[in-house]
Amino acid sequence: MPRLSEVIAALDALWPPASAEDWDAVGTVCGDPDQEVSRVLFAVDPVQEIVDEAVKLDADLLVTHHPLYLRGTTTVAASNFKGRVVHTLIKNDIALHVAHTNADRADPGVSDALAGALDLRVVRPLVPDPTDADGRRGLGRVCELDHPLTVREFAARAAGRLPATAQGIRVAGDPEALVRTVAVSGGSGDSLFADVRAAGVDAFLTADLRHHPASEARAHSPLALLDAAHWATEWPWCELAAAQLDEISDRHGWDLRVHVSKTVTDPWNSHSPSPGAPN
């Protein structure tokens with residue numbers, strides 16, 4: 001069995017920590033570099049429900065997309081929920097490793113996995129990484145559909161292929177407009193509207209679209225907007241990342257058992273449509 005330090009080195013090669021945003025908090029949160037690793041669990045959120053799942057699974061390593069401590073802390077006391085997460089991990093000899101914006105920028109990364117879930121062909125990054133001479137890394141992806149769909153049909157595809165959430169897919173735009181090209185960005189994407197307009201795509205699928213940026217984007221152009229749940233747009237990366245680690249394990253003869261959590265950690269758990277609302 002490999003040591004934790006060996007597995008982390010492999011993960012850092014996939015998602016170099018130096019490529020993360022300056023404000024981000026990526027890397028190993030807890031864990032003994034010399035401990036052996038035989039079972040790994042991938043998930044989006046390092047919340048208690050996921051940590052309890054890792055305990056039941058007898059995992060040695062939990063890899064999440066979202067950081068546990070993004071803004072730092074002065075305590076890991078078990079009297080607060082993040083402290084309880086840390087205590088549970090350490091008591092059960094489970095390491096926690098985070099790949100956030102470094103996984104967003106990777107090739108393949110979070111948006112590649114999102115595009116794959118939607119059966120889109122990736123053309124290029126939406127916001128290329130200037131340090132990548134090959135032009136494959138960066139934020140978001142510009143994609144093509146295998147054949148044109150209406151906005152309504154593409155929204156239905158997204159609703160059917162992304163993990164089910166209470167929100168589903170919200171749409172802004174003409175439901176009958178044709179979609180041939182799409183920009184996608186896993187997670188919150190309304191800071192990318194200028195790049196999306198510059199890409200000249202027919203639609204933009206992302207998460208966490210706020211009222212004013214969405215309203216202004218619609219005023220700029222007939223761009224269709226598809227707003228999915230944040231968790232749902234990033235969960236496909238867990239399957240991609242698990243497959244990547246499986247391949248590394250096979251290559252090195254590590255015999256790791258790699259799992260993906262299917263626990264829905266999207267915070268919204270129900271939805272009541274307004275009577276007479278458009279559908």
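Scroll up for the structure.
Position numbers for residues start from 1 in each chain and track the written sequence from start to end. Selection of residues for local features in this predicted model requires a pLDDT of at least 70, selection of side-chain atom pairs for listing and counting requires 80 or more, and totals for whole chains, interfaces and linings are taken over all residues. For the side-chain quantities, the full set of heavy atoms in the structure was used; hydrogens and water were omitted.

Peer 1: Explain helix H2 (residues 48–57) residue by residue, including any values.
Peer 2: Residues of H2 that are buried include every one of Ile50, Val51 and Ala54, and no others. Around the axis of H2, the buried residues are gathered within 100° of arc, so they sit on the same side. Note on contacts: a residue pair qualifies if any of its non-hydrogen atoms lie within 4.5 Å across the two residues. Elements are defined by DSSP. Helices are runs of H or I of four residues or more, strands are runs of E of two residues or more, and each kind is numbered from the N terminus. Tucked inside the fold, the buried residues of H2 contact strand S2 (39–43), strand S3 (61–64) and helix H3 (81–91). Downstream of H2 by one or two residues, Asp58 has phi in the positive range, about 65°. Burial here depends on accessible area, computed with a 1.4 Å probe over protein chains only, as a share of the maximum for the residue type. Under 20% is buried, over 50% is exposed, and the range in between is partly exposed. Arc, as used here, means the arc of the directions from the helix axis to the C-beta atoms.

Peer 1: Help me get a handle on the sheet that holds S2, residues and values and all.
Peer 2: Strand pairing in a sheet is mediated by backbone hydrogen bonds. Such pairs are either parallel or antiparallel. Pairing between strands is defined by DSSP: at least two bridges between the two strands are required. The strand order across the open sheet built from 5 strands is S1-S4-S3-S2-S11, with neighbouring strands paired in mixed fashion. Looking along the sheet, the strands with just one partner apiece sit at the ends: strand S1 (27–30) and strand S11 (257–260). Ignoring which end each strand starts from, the neighbouring axes of this sheet average 25° apart. Where S2 meets S11, 4 bridges bridge the pair, whose relative direction is parallel. Residue pairing across strands places Phe42 opposite Val260, the latter belonging to S11. Here the axes come from fitting lines to C-alpha atoms, over the contacting stretch only for helices, and the angles between their N-to-C directions go from 0 to 180 degrees. Here H2 sits on the sheet and contacts S2, S3 and S11; the angle it forms with S2, its principal contact strand, is near 160°.

Peer 1: Can you lay out the nonpolar core for me, pointing to particular residues and giving the numbers?
Peer 2: Among buried residues, those of type Ala, Val, Leu, Ile, Met, Phe, Trp, Tyr and Cys that are joined through side-chain atoms within 4.5 Å constitute a nonpolar core. Membership of the largest hydrophobic core comes to 52 residues, with the highest contact counts inside it found for Phe42, Leu61 and Trp237. In terms of residues, this core owes the most to one element, helix H9 (residues 230–252), which gives 9 residues. Leu61 has contacts with Leu4, Val7, Ile8, Leu11, Val37, Arg39, Val40, Leu41, Ile94, Ala95, Leu96 and His97, leaving out every residue within four places of it along the chain. Listed in part, the 15 residues of the second largest apolar core include Cys30, Ile50, Ala54 and Leu62.

Peer 1: Give a description of the pairing of strand S8 (residues 178–188) that names residues and reports values.
Peer 2: Relative to S8, strand S6 (residues 138–150) is paired through 6 bridges, and the arrangement is antiparallel. Bridge pairing links Thr150 to Leu178 in S8. Alignment of S8 against strand S9 (residues 203–207), held across 4 bridges, turns out to be parallel. Along S9, the bridge assignment pairs Ser188 with Ala207. Convention used here: a crossover is right-handed provided that the path from the first strand, over the helix, to the second strand proceeds clockwise when the strands point away from the viewer. Crossover S8 to S9 through helix H7 (residues 193–199) is right-handed.

Peer 1: How would you summarise the side chain of Asp227 if you had to cite specific residues and measurements?
Peer 2: Within the secondary structure layout, Asp227 lies in strand S10 (residues 224–228). Nitrogen and oxygen atoms within 3.5 Å of one another constitute a polar contact, given that in protein one can donate a hydrogen and the other can accept it, and given that sequence-neighbouring residues count only through two side-chain atoms. Looking at Asp227, its side chain comes within polar contact range of the side chain of Arg170, at 2.5 Å. Looking at Asp227, its side chain comes within polar contact range of the main-chain nitrogen of Asp208, at 3.0 Å.

Peer 1: How would you summarise the environment of Ala198 if you had to cite specific residues and measurements?
Peer 2: If you trace the backbone, Ala198 turns up in helix H7. The class for Ala198 is exposed, based on a relative accessible area of 69%. Ala198 sits 72 residues away from Leu126 along the chain, and the two C-alpha atoms are 9.3 Å apart.

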